[in-house]
Amino acid sequence: MKSLLLHAKEFCYRPVKPAIKEYRDEVKEGEEKCFENALVVFVTVEDQDSANPKGVVSAAVDDIVKHLERVKASSVIIYPYAHLSPRLAPPHVAVKVLRLLEEELSSACKVDVHRAPFGWYKEFKLHCYGHPLAELSRTYTAPPERRSYEKKYLVLTPDGKVYEPEEFLEKADPELRILIEKEALGKELGEAENPVTRLAGKFGFEWEPYSDYGHMRYEPHAALMLEAVARYSWLVAQRLGIPVLRVHGTNMFDLSIKAVREHAELFSDRLYDIWADKKHLILRYAACHQQFAILKDYILSYRDLPLGMFEVADSYRFEQPGELLLSFRLRKFHMPDLHILTKDVDEAIKIVREKVQPVIHEEASKLGRSYVALYNVTSSFWEERFNDILEFVKRDGRPALVSIIPPLYYWVINVEYHIIDAAGRPREIATFQIDIGNAKRFGIKYVDSEDKERHPVIIHTALIGSIERYIYMVLDTAVQEYQKGRTPSIPVWLSPIQVRVIPVKPHDEQLAFAEEVLNKLLEAGVRADIDDRDISLGRRIRDAAREWIPFIAVIGSREVETKTINLTVRKTNDRLSVTIDELLAMLRKELKGYPLVEQTLPVRVSQRPTLAYLEKSVFSAR
RNA sequence: GCCGCCGUAGCUCAGCGGGCAGAGCGCCGGCCUUGUAAGCCGGUGGUCGCGGGUUCAAAUCCCGCCGGCGGCUCCA
C-alpha cells in the first residue's frame, strides 16, 4: 500500500462521475464535502496487499495514528488515489482494504474519519500547510498471512489398527520410523552431507547462477536424462489402462480470472508471479490450471469417464531460498501431471486402488526402491471413509503415517509417497490426491445417465514424482549401492551413453570394424559413441568408467579377427567376449518398455569439448 | 526467510598466528603409437566471491553484501 499524507488547512472534494461499474461506493453525484485542519491520506491499494489485508491496514493505522498526534489534525480523510503505484490491486480488493482501513482507523483514533468514495472521478481542492511534517509519503507492507492449523498424527496399519505415533515408533520399520520422527514428532535430523546432489552435478545437473534461485540448467548428460524421464512418464501414464489425452499448455495464467485467483489463494506465498503489460500473471505450480481450462470446454458424458489428461508441465513454485535442493526442491521443475476425471468419490477411490496405486509402487520397485506413505486426510474423510483409507494402506502393504487436517484445500485425501534417501531424509516422490472442489471452481461438467449435469471428482497424480525428483531417486539409489560397497550405476535406459566403443588403435582396420559395430548399435536406437582419441587405451577406459557408461566395447586386432567385441559390463564388473548380435540382444532386454531417446552429444568423443562436470569427483570423502 | 559453516585456476584442493598466489588434474605444444581405471617432457591458466575498513603491507584480520552447503520454518 502506497500513501501520501498531506496535512491540509483546507480540503474539499466533489464526485464528478462514476469511473467503474462494479464495486463502486454509492454517493450523491456532485455533492461537495469540505474539511479544515485535516490529514488527507491518499491511498493506493497494491496487488500484493491482497495477501494480507489486515496486516497492511494495521501497519497503516499505526503509522497514521502516530502522525495524527504529531500534526494535531482534527479529522482524517481517506482518499482513494490510484496513481501512486503501477501494480494496483483489483477493485474488489481495493474497496475491501479501504473500508477496513476506515473501520480500523475510526476505532484507533479520536478524530473523525471520513472516506472519499471509491470508483468515482473526483475533483478536489487542497491547501497544504508548509510545516516540515505536512507532506509525507509512505509504503505499508505486511508479510502474507500464514494459515496455521492443528494437525493430528496417527499410524494406521494394514490390519486396521490405529496407533499414536509415539506408541508405534518401536514397532515401525526403520524407514517409517524416520518419517514419523520427522513429520509427526518434529525431531531434528542433525547435520548430514547430501551425496546425491554431488552426484547430480557429475551428470551435469547444475544451478544456473544467471537466473533466479532454484533454477537449474541441464548440460548434455543431464538434458538426456531429463528428456528420457519425461518421455517415460508418458509411457507410464498410458499403462494405467484408462484413456488419457496428452496436451501441451502454457505456464502463465491471469490472476484476474476468478478460478485462477481462487486456486492461487490456496497456494499463498509460494506463488511465483510476474507482471507484464499491467497484467498480473502467475506461473503455474503444476498442470492443474491448464488442464482444467481445457476440460471446462469439453462436452463430457458419464460414458467418457474415467478420462485422464496428461502433460509434462514446466512448473514454478516460489520456494524460500534456504530450502532449495538441487534436483529436488526447485523454483522451476517439470511435473508429469496426470488428472483423471471420475464420476464420484467412489469411482475415484476405485481407480486409485486398481490403477494408480499399483503403478506408483511398481515404478519405485523397478528402481529397487519402496515408498513409505504419509496420508493427509480431512477429518470428515477420515471418519466417513475409514474403510477406504484402510484399503489403500493394505495395498501399500505397510503401515502408514496419517495426518488429519481441517478441510482447507480442495482435496479430501492427499497421499505423499516418500523414500528415505542416502542422508536419512524422507523425500516425497510420488503422490495422488482426490479433489472434490476444482471441477466446480473451473466449471468442468459431465452429463450423467439421468441427463443431469454433474461435476466430476478429479484424481491428481504424479505417478513417478516430478522429473527432477525421479532423477533424484535414481541417483540416490546409486549412492546407496556405493554405500553398500557395490559399483554404483544408473539404469541403462537412462544412461546418457549406453555403449562406448573403443578401438585399441584408433587408426587402421580396427577403426573400421569399430565403426561398423557403432553403426549397428546406432541403427538399433542405442545411444553409442566411439572414443577415437589418439591416447592410451587405459586412459580411454578410465574416462568411460568415470562417465558411468554401462557397456564398454573394446575392439582390437583380436576382435577384428574373430568379429567379436570385448565387453566390460559396469554393473556386474564382468568382462565378456560377445558378438554384435549378442550385445544387441542384451541391450534389447534392458531397454524393453523404456523410451529410445536420441543422444545429446557428438558420436565421436574426439569432437566433444572437455565437459567440466564429468570431472567432478563424487565420492571424495570415504 | 531464520541460525550455523563455507567461497583460492575450468575441476579437486593446499596456503589463512599478515610479507612475491601454489599442487594435481584439465587445457596447449612436442615426443610416444597404444590390449583394460591417469605414457613421458614442456608450457598455459587467478579481480583469492563483491565492496569497504585496519595496516608500511591483506587470500589471510574486521564490517557489510552476494552466493553455496547444512539445519530450522515451509512443503497447497
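Given the structure is predicted, the values throughout are model-derived calculations rather than measurements.

**Re the state of the cysteines**
Two cysteines whose sulfur atoms are joined by a covalent bond form what is called a disulfide.
Turning to step 1, where the next piece is worked out: All told, the structure shown has one disulfide when counted by the stated rule.
Turning to step 2, where the next piece is worked out: Sulfur-sulfur distance for the disulfide between Cys12 and Cys34 comes to 2.1 Å. Between Cys12 and Cys34 the sulfur-sulfur dihedral comes to about 115 degrees; the bridge is accordingly right-handed. With a gap of 22 residues between them, Cys12 in strand S1 (residues 2-18) and Cys34 in strand S2 (residues 33-44) connect regions that are remote in the sequence.
Turning to step 3, where the next piece is worked out: In this structure Cys12 comes out as buried when scored by relative accessible area, which is 1%.
Turning to step 4, where the next piece is worked out: The exposure class of Cys34 is partly exposed, given its relative accessible area of 45%.

**Considerations on empty space enclosed by the protein**
Turning to step 1, where the next piece is worked out: Per the stated rule, a full pass over the model turns up two cavities of 30 Å³ or more.
Turning to step 2, where the next piece is worked out: Taken as a whole, the largest cavity holds about 40 Å³ of empty space.
Turning to step 3, where the next piece is worked out: Forming the walls of the largest cavity are Phe203, His221, Ile490, Ser495, Pro496, Ile497, Glu547, Trp548 and Ile549.
Turning to step 4, where the next piece is worked out: Considering only residue class, the lining of the largest cavity consists of six nonpolar, two polar and one charged.
Turning to step 5, where the next piece is worked out: Taken as a whole, the second largest cavity holds about 30 Å³ of empty space.
Turning to step 6, where the next piece is worked out: Taken together, Ser233, Val236, Ala237, Phe310, Pro336, Leu463 and Ile464 make up the lining of the second largest cavity.
Turning to step 7, where the next piece is worked out: The biggest single contributor to the lining of the second largest cavity is helix H6 (residues 220-238), with three residues.
Turning to step 8, where the next piece is worked out: Of the residues that constitute the lining of the second largest cavity, the class distribution is six nonpolar, one polar and no charged.

**A short note on the pairing of strand S16 (residues 307-316)**
Turning to step 1, where the next piece is worked out: The element S16 is largely enclosed, with a buried count of ten among its ten residues.
Turning to step 2, where the next piece is worked out: Where strand S11 (residues 244-246) and S16 come together, three bridges link them in parallel fashion. Opposite Arg246, over in S16, you have Phe310 as the bridge partner.
Turning to step 3, where the next piece is worked out: Pairing geometry for S16 and strand S17 (residues 332-342), over ten bridges, is antiparallel.

**Points about the side chain of Thr431**
Turning to step 1, where the next piece is worked out: Tracing the backbone through its elements, the reader meets Thr431 in strand S21 (residues 426-435).
Turning to step 2, where the next piece is worked out: Judged by its relative accessible area of 12%, Thr431 falls in the buried class.
Turning to step 3, where the next piece is worked out: Sequence-distant contacts of Thr431, that is, excluding residues within four places in its chain, are made with Ile360, Asn414, Val415, His460, Thr461 and Ala462.

**Here we look at helix H13 (residues 467-483)**
Turning to step 1, where the next piece is worked out: The end-to-end C-alpha separation of H13 is 24 Å, in line with the 24 Å expected for 17 residues at 1.5 Å each.
Turning to step 2, where the next piece is worked out: The buried count for H13 comes to 16 of 17 residues, which makes it a mostly enclosed element.
Turning to step 3, where the next piece is worked out: Residue Gly485 follows H13 closely and has a positive phi angle near 85 degrees.

**Comments concerning the packing of helix H1 (residues 53-71) against helix H2 (residues 91-108)**
A packed helix pair is summarised by two numbers, namely the angle formed by the two axes and the spacing between the axes.
Turning to step 1, where the next piece is worked out: Taken N-terminus to C-terminus, the directions of H1 and H2 make an angle of 40 degrees; their axes are 9 Å apart at the nearest point. Taken together, the axes of H1 and H2 lie oblique to each other. Judged by the sense of rotation from one axis to the other, the crossing of H1 with H2 is right-handed. Every residue of H2 that contacts H1 at Pro53, Lys54, Val57, Ala60, Val61, Ile64 and Val65 is listed here: Lys96, Val97, Leu100, Leu101, Glu104, Leu105 and Ala108.

**Section: the domain arrangement of chain A**
Think of interface size as the accessible area that goes away when the parts come together; that is how it is often given.
Turning to step 1, where the next piece is worked out: Each assigned domain of chain A is listed with its residue range as follows: domain 1 (2-139), domain 2 (153-246 + 287-476) and domain 3 (492-615).
Turning to step 2, where the next piece is worked out: Summarising the inter-unit geometry, the C-alpha centres of domain 2 and domain 3 are found 37 Å apart.
Turning to step 3, where the next piece is worked out: Listed per partner, the contact involves 21 residues of domain 2 and 22 residues of domain 3.
Turning to step 4, where the next piece is worked out: Interface area, domain 2 with domain 3, both sides summed: about 1800 Å², of which 73% is carbon and sulfur.
Turning to step 5, where the next piece is worked out: Three residues stand out in domain 2 for area buried against domain 3, namely Lys202, His221 and Leu224, and they jointly supply 38% of the buried area on that side.

**Digging into the packing of aromatic side chains**
Turning to step 1, where the next piece is worked out: Across all of its chains, the model carries 26 aromatic pairs by this definition.
Turning to step 2, where the next piece is worked out: With 4.7 Å between their ring centres and 45 degrees between their planes, Tyr232 and Trp493 make a pair best called tilted. In this pair, Tyr232 is assigned in helix H6 and Trp493 in the loop between H13 and strand S25 (499-503), connecting sequence segments 261 residues apart. The same class applies to Tyr232 as to Trp493, namely buried.

**Focus: the environment of Gln607**
Turning to step 1, where the next piece is worked out: Within the secondary structure layout, Gln607 lies in the segment after helix H17 (580-591).
Turning to step 2, where the next piece is worked out: Between the C-alpha atom of Gln607 and that of Ile420, which follows or precedes it by 187 residues, the distance is 40 Å.

**Here we look at the nonpolar core**
Side chains of nonpolar character tend, in soluble globular proteins, to be buried together.
Turning to step 1, where the next piece is worked out: Within the largest apolar cluster, 125 residues are counted, with the highest numbers of intra-cluster contacts made by Tyr375, Ile413, Tyr470, Val499, Val501 and Leu521.
Turning to step 2, where the next piece is worked out: With eleven residues, the single largest contributor to this core is H6.
Turning to step 3, where the next piece is worked out: Here this core gathers at least three residues from each of two domains, domain 2 (153-246 + 287-476) and domain 3 (492-615).
Turning to step 4, where the next piece is worked out: Apart from the residues lying within four places of it in its own chain, the contact partners of Val501 are Ala514, Val517, Leu518, Leu521, Asp529, Ile530, Asp531, Ala553 and Ile555.

**Overview of the layout of surface pockets**
Turning to step 1, where the next piece is worked out: Estimates place the volume of the second largest pocket at around 750 Å³.
Turning to step 2, where the next piece is worked out: Together, 30 residues line the second largest pocket, and Lys366, Glu481, Ser489, Pro491 and Lys571 are the ones closest to its centre.
Turning to step 3, where the next piece is worked out: Where the lining of the second largest pocket is concerned, the elements lending two or more residues are H13 and H17.
Turning to step 4, where the next piece is worked out: For the lining of the second largest pocket, the element with the most residues is H13, which contributes four residues.
Turning to step 5, where the next piece is worked out: Here the residues of the lining of the second largest pocket are counted per class, giving twelve nonpolar, eight polar and ten charged.
Turning to step 6, where the next piece is worked out: The residues that make up the lining of the second largest pocket include at least three from each of domain 2 (153-246 + 287-476) and domain 3 (492-615).

Analysis parameters
Residues numbered from 1 in each chain as written. Chains lettered and ligands numbered in written order. Predicted model: local features only at pLDDT ≥ 70, side-chain atom pairs only at ≥ 80, totals over all residues. Heavy atoms only, no water. Disulfide = S-S within 2.5 Å. Helix = DSSP H or I, 4+ residues; strand = E, 2+ residues; numbered from the N terminus. Buried < 20%, exposed > 50% of the residue type's maximum accessible area, 1.4 Å probe, protein only. 1 Å grid on protein atoms, 1.4 Å probe; cavity = no way out; pocket = protein on both sides within 12 Å on 5 of 7 lines; lining within 4 Å. Points joined across faces, edges and corners; volume = space filled by probe spheres on them. Nonpolar A, V, L, I, M, F, W, Y, C, P; charged D, E, K, R; others polar. Pairing = 2+ DSSP bridges. Contact = heavy atoms within 4.5 Å. Expected span 1.5 Å × (residues − 1). Axes fitted to C-alpha atoms, helices over the stretch in contact; angles between N-to-C directions. Parallel < 35°, antiparallel > 145°, perpendicular 65-115°, else oblique. Left-handed = near helix turned anticlockwise from the far one by under 90°. Domains from an automatic or database assignment. Buried area = accessible area lost by both parts, 1.4 Å probe. Phe/Tyr/Trp six-rings, centres within 6.5 Å; stacked < 30°, edge-to-face > 60°. Core = buried A, V, L, I, M, F, W, Y, C linked by side-chain atoms within 4.5 Å.

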